[in-house]
Amino acid sequence: MSNTSLVGNASPEPSRKERVINSIGKVSTSASSLKSFWSKSSRNFGIMLVFSSVVAIIIVLMLWGAGTEYRPLYSKNSNFDSSQVLQMLDSENIKYELSQDSGIIMVPHDDVARIRMVLAAKGLKERLPSGFDSLTTNSTVGESQFMETAKYRHALEGELARSIVTIDAINAARVHLAIPKESLFKRKDSEQARASVVANIIGGMDLKPNQVDAIINIVAGAVIGLKAENVRVIDQFGRLLSSDLNAGDIAYSTTKQTDFKHKTEQGLVKQASDMLTPVLGLSNFRVQVSSDMDFSKVEETEELYSNPVVRKERTMLDTNNSDLALGIPGSLSNSPPVTGDADPASPTNEKTRNETNRDYAVSGKVIRTQHQQGKIEKLNVSVVLNQASAADGGWTQAQLDSVTNIVKTAIGFDAQRGDVINVTSMPFIAATGLVSNQYAWYENPSYQTLGRYIFIGLISVLLVMFVLRPLVKTIANEHEQSGQESNVSDDLEIDIQKEKQLPSTTTSSHFDTELPSADSALDVQIQHLRMIADKDPNRVSEILKTWMMEKDSHAK
């Protein structure tokens, strides 16, 4: 009873120990509050960081899926002025991009045709070489004859370049003319007009020999005195395209000889195939022809004459019996002198003249022969039959001979010429299939766009289901736990307030029933204080006060 009264009548002035204990309790309380705030702040920062990252990923994917696909407005081989095109695009507020690699102007994929029509309506034209229109714009008074000739030649070169550009495979062209100056004096070794053409061929295309020949004839026909063999055509890679064409004759042109030989062989193969297809089937035989041809140029001239025929004949007989002395006066006659006993002949003056004139008609002809170039000298023919298409016994010799005769007749086989034909049968290997030049289905732009949208939707759903949803659940559970803890702390504060209003004996007895005694082991007391500090840091000071008061009462 005395102890109880002493405790109840304790001095209201706190002792030094109690002040120290109160200070320690406040410091521990502040440290616990700071630790709790830091842990909650770190957790909230991590949650916000994850949430922001997920939202940013979804936004980036949506922007990527909704991104506009760009393609070139014009090809790199086009001759449009880029600065003029950019100015028109800016004036029309059209979106565009410039390729970092080649500098090509890129526009949205779906608006290429519309943008081209808009630029054409605004007056955009390709840059072409200046032609005869430059003669009227750049004319000046008092211009020299040399400048007039140079301008005319430049204008003629521009007009020829414009004509050459109209060919499909040519993107741009330049023409250089070398026309000698006209002179009143004609010389045997006078200079001839020459021309050179530089053709810029579109990538992936090539000029055919007939197109090169057409370019040569265009230039030669536009310049007076220019011959086709004096025109040279080259491409942007420095290849001379008119090397064989300038020869003109197939006897001097290797390219023409090769093309002629190839066409001839292909024609013979087609003739043989047309005869064998109805009999054997399209895939049951193969025919190849190799030919030896003579491209020599041979000309012959022959003159033939028949037996002569008398067309007109004239005969003249003249006899003269005149006694007139004939001969040269003062000269002896040519008769020999009379010798011996011979009687002198009586002189006679008879003279006879016989003349015949015949006119013969001779018939003849002159034959000039020019032999054919590319004459076939020998044919080598090979025919292979599919052994699987024959009967069970295979191809018989009679059947092979029939095929041989068919092919011989179809190609014009000539044994005297030395032609050779070989017909054999062998098993054919089935083809694995032709390689298609079409793009794969996954390279189709429509499928790529659809796949992009599906990928974005799938990633967004996965992020929402496996990241955002668990995060929201975690935040909701922590909020509920914090609410429960706040309710418990409110209840504890109410209990503490009630205990403060009760007498000190009740407080002492209440703590005595819940707390270990002041004489208990120090480890037990510290462990108990740590447990209480985690739940209610404010009670630590009260517990320390109670233990100090109990020790003071036991000491007295």
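This is a predicted model, so every value here is computed, not measured. Each chain carries its own residue numbering, running from 1 in the direction its sequence is written. Local features in this predicted model are restricted to residues whose pLDDT is 70 or higher, and side-chain atom pairs enter the listing and the counts only when it is 80 or higher, whereas totals over whole chains, interfaces and linings include all residues. Water and hydrogen atoms were dropped before computing side-chain values, which therefore reflect all heavy atoms in the structure.

Examining the overall build of the chain
Each helix is a run of DSSP H or I of at least 4 residues and each strand a run of E of at least 2, with the numbering of both proceeding from the N terminus. Each helix and strand counted, the chain has 13 helices and 13 strands in total. In this scheme, a residue with accessible area under 20% of its type's maximum is buried, one over 50% is exposed, and one in between is partly exposed, where area comes from a 1.4 Å probe on protein chains only. Buried residues in the chain amount to 22% of all 556 residues. Residues count as neighbours in contact if any of their non-hydrogen atoms are within 4.5 Å of one another. The contacts in the chain between residues at least 6 apart in sequence include a share of 72% that link residues at least 24 apart. When the accessible surface of the chain is totalled, it reaches about 40,500 Å², and 55% of it is carbon and sulfur. Here, Shrake-Rupley sampling with a 1.4 Å probe gives the accessible areas, and only protein chains in the shown set may cover a residue.

Some thoughts on the sheet that holds strand β5 (residues 193–201)
What makes two strands pair is DSSP finding at least two bridges between them. The 3 strands lie next to each other as β4-β5-β6, forming an open sheet whose pairing is mixed. Of all strands in the sheet, those with a lone pairing partner are β4 (170–178) and β6 (226–235), marking the two edges. Here the average twist between neighbouring strands, direction ignored, is 20 degrees. Of the strand pairs in this sheet, β5 and β6 are connected by 6 bridges, and their pairing is parallel. By the bridge assignment, Val 198 is partnered in β6 with Ile 234. Axis geometry follows a simple rule: fit a line to the C-alpha atoms, using only the stretch in contact for helices, then measure angles between N-to-C directions, giving values from 0 to 180 degrees. Against the sheet, helix α6 (residues 145–165) engages β4 and β5, with an angle of about 150 degrees to β4.

Remarks on the pattern of salt bridges
In what follows, salt bridge is the name for a side-chain nitrogen of Lys or Arg lying within 4 Å of a carboxyl oxygen of Asp or Glu. According to the stated counting rule, one finds 10 salt bridges in the structure shown. Its salt-bridge partner being Lys 122, residue Glu 92 comes within 3.4 Å of it at the nearest N-O pair. Of this pair, Glu 92 sits in the loop between α3 (82–91) and β2 (97–98) while Lys 122 sits in the loop between α4 (112–121) and α5 (133–137), and the two are 30 residues apart along the sequence. We classify Lys 122 as partly exposed; its relative accessible area is 44%. Between Glu 159 and Arg 162 there is a salt bridge, and its shortest N-O distance comes to 4.0 Å. Of this pair, Glu 159 and Arg 162 are both found in helix α6, 3 residues apart, which corresponds to roughly one turn of the helix.

Remarks on the pairing of β5
Where burial is concerned, the two faces of β5 differ: the one with Ala 193, Ala 195, Val 197, Ala 199 and Ile 201 is buried and the one with Arg 194, Ser 196, Val 198 and Asn 200 is not. Note: β4 against β5, 8 bridges, orientation antiparallel. Bridge pairing links Ala 172 to Asn 200 in β5. For the handedness criterion, the β-α-β arrangement of β5, helix α7 (residues 209–222) and β6 is classed as right-handed. Handedness of a crossover: with both strands directed away from the viewer, a clockwise path from the first strand across the helix to the second marks it as right-handed.

Points about the nonpolar core
Residues belong to one nonpolar core when they are buried, are Ala, Val, Leu, Ile, Met, Phe, Trp, Tyr or Cys, and are joined through side-chain atoms within 4.5 Å. One finds Ile 164, Ile 170, Leu 177, Leu 207, Ile 215 and Val 219 to be the most contacted residues of the largest nonpolar core, which totals 26 residues. Sorting the residues of this core by element identifies α6, β4, β5, α7 and β6 as the ones contributing at least two each. Excluding anything up to four places from it in sequence, Ile 164 contacts Ile 170, Ala 173, Val 175, Val 197, Ile 215 and Val 219. The next biggest cluster of nonpolar side chains, apart from the first, holds 20 residues, and it includes Ala 272, Leu 280, Val 287 and Val 407.

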